[in-house]
Amino acid sequence: MHLPADPSEPPSEEPPQARVSGRTSLLLAFLPVVASLAVYATTVTDHFILNDEILRTKRAEIEVLDPQRVFFLNYLVPERADRQYRPLTFSTYAINFRFGEGAWSFHLVNVLLDAVVALVAYLLLLELLRDARAAAIAAALYVVLPVRTEAVASILGRAEILSGLAILGTWLLSLRSFRTSPAGDGRHESLWVVFAAGAVTLAGAFANESAAGVIPLVIVAGTWLARRPVPWLTVA
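Attention here is on the structure that accompanies the text. (Residues numbered from 1 in each chain as written. Predicted model: local features only at pLDDT ≥ 70, side-chain atom pairs only at ≥ 80, totals over all residues. Heavy atoms only, no water.)

### Quick word on the overall build of the protein chain
For the protein chain, the count of helices and strands is 13 helices and two strands. For the protein chain, the residues scored as buried account for 42% of the 236 residues in total. Roughly 13000 Å² of accessible area belongs to the protein chain as shown, and the carbon and sulfur atoms make up 67% of that amount. (Helix = DSSP H or I, 4+ residues; strand = E, 2+ residues; numbered from the N terminus. Buried < 20%, exposed > 50% of the residue type's maximum accessible area, 1.4 Å probe, protein only. Areas by Shrake-Rupley, 256 points an atom, 1.4 Å probe, with all protein chains shown as cover.)

This is the structure in structure tokens:
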């Protein structure tokens, strides 16, 4: 409990996150990360399965990291038959092929990316809940949801992992975008956070074209439900 400088003011309660030390909060961040690694580590030994086979059959075209091909032609084949636009995801596949034609490096990248998702989910929930233990448990439960299995176990699911990472990351940045003005005239959105959120949103759109439309909705709905001021500059 904090004692105010003015004795006439009632003492204020400590914020909930103060109940857990910074070191403990850091250690708790490992819980969702370890949960993700424990669940999906076995997928590293998997092969190209189902739709993943297109990566192997199109290797000669995919492994050439040509900017024109990546940004202006098709995600997997030049004819743009599937109308997907995912240059960031495509680029990661091209880089994977530099390590060999086996599926292990593709699966390993998916597993490591999902561990990053687990960490960002924890940081986001910590910002929302102000309770490190609850945030760690909730993030761990999120990363092991069965509905997420295909996105991590399937190599082509990487687009969903990257776009999910962008959504969570932009949401976290939007919650931290407000700062108190030095002039004391209220709280304003930090420009560097706004630009960072824009960069993450762009990366998410390059990973999965649907992310660009989802991210603004998540920010507005998420901040409103959390009873925080909506960062309209970040949304824009």
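Read on for the rest.
### Description of the pattern of salt bridges
As enumerated under the stated definition, the model contains four salt bridges in all. Between Arg-56 and Glu-53 there is a salt bridge whose closest N-O contact spans 2.7 Å. With Arg-56 and Glu-53 both in helix α3 (residues 53–57) and three residues apart, the pair spans about one turn of that helix. For Glu-209, the salt bridge is made with Arg-86, and the minimal N-O distance between the two is 3.0 Å. (Salt bridge = Lys/Arg side-chain N within 4 Å of Asp/Glu carboxyl O.)

### Topic: a nonpolar patch on the surface
Together, Leu-37, Leu-65, Ile-95, Phe-99, Trp-104, Leu-108 and Leu-112 give the surface a local cluster of nonpolar side chains, amounting to about 640 Å² of exposed area. The leading source of residues in the nonpolar patch is helix α7 (residues 104–129), at three residues. On the basis of relative accessible area, Ile-95 is assigned to the partly exposed category, the value being 43%. (Patch = residues over 30% accessible without salt bridge, like charges linked within 9 Å, V, L, I, M, F, W, Y side chains within 5 Å.)

### As for the side chain of Ser-91
By secondary structure assignment, the location of Ser-91 is in helix α6 (residues 87–97). Apart from the residues within four sequence positions on either side, Ser-91 is in contact with Leu-65 and Val-70. (Contact = heavy atoms within 4.5 Å.)

### What about helix α11 (residues 191–207)?
The first and last C-alpha atoms of α11 sit 24 Å apart over 17 residues, in line with the 24 Å expected at 1.5 Å per residue. All of the buried residues along α11 are Val-193, Val-194, Ala-197, Thr-201, Gly-204, Ala-205 and Ala-207. Buried positions in α11, seen along its axis, are confined to an arc of 155° and lie on one side of it. Facing away from the buried side of α11 by over 90 degrees, the exposed positions are Leu-191, Trp-192 and Phe-195. (Expected span 1.5 Å × (residues − 1). Arc of directions from axis to C-beta.)

### Points about the packing of α6 against α11
Following both chains from N to C, one finds α6 and α11 inclined at 70°, their axes separated by 5 Å at the closest point. One way to sum up the angle between α6 and α11 is to call them roughly perpendicular. Contacts between α6 and α11 involve Pro-87, Leu-88 and Thr-89 from the first element and Ala-203, Phe-206 and Ala-207 from the second. When its residues are assigned to classes, the contact of α6 with α11 shows five nonpolar, one polar and no charged. (Axes fitted to C-alpha atoms, helices over the stretch in contact; angles between N-to-C directions. Parallel < 35°, antiparallel > 145°, perpendicular 65-115°, else oblique. Nonpolar A, V, L, I, M, F, W, Y, C, P; charged D, E, K, R; others polar.)

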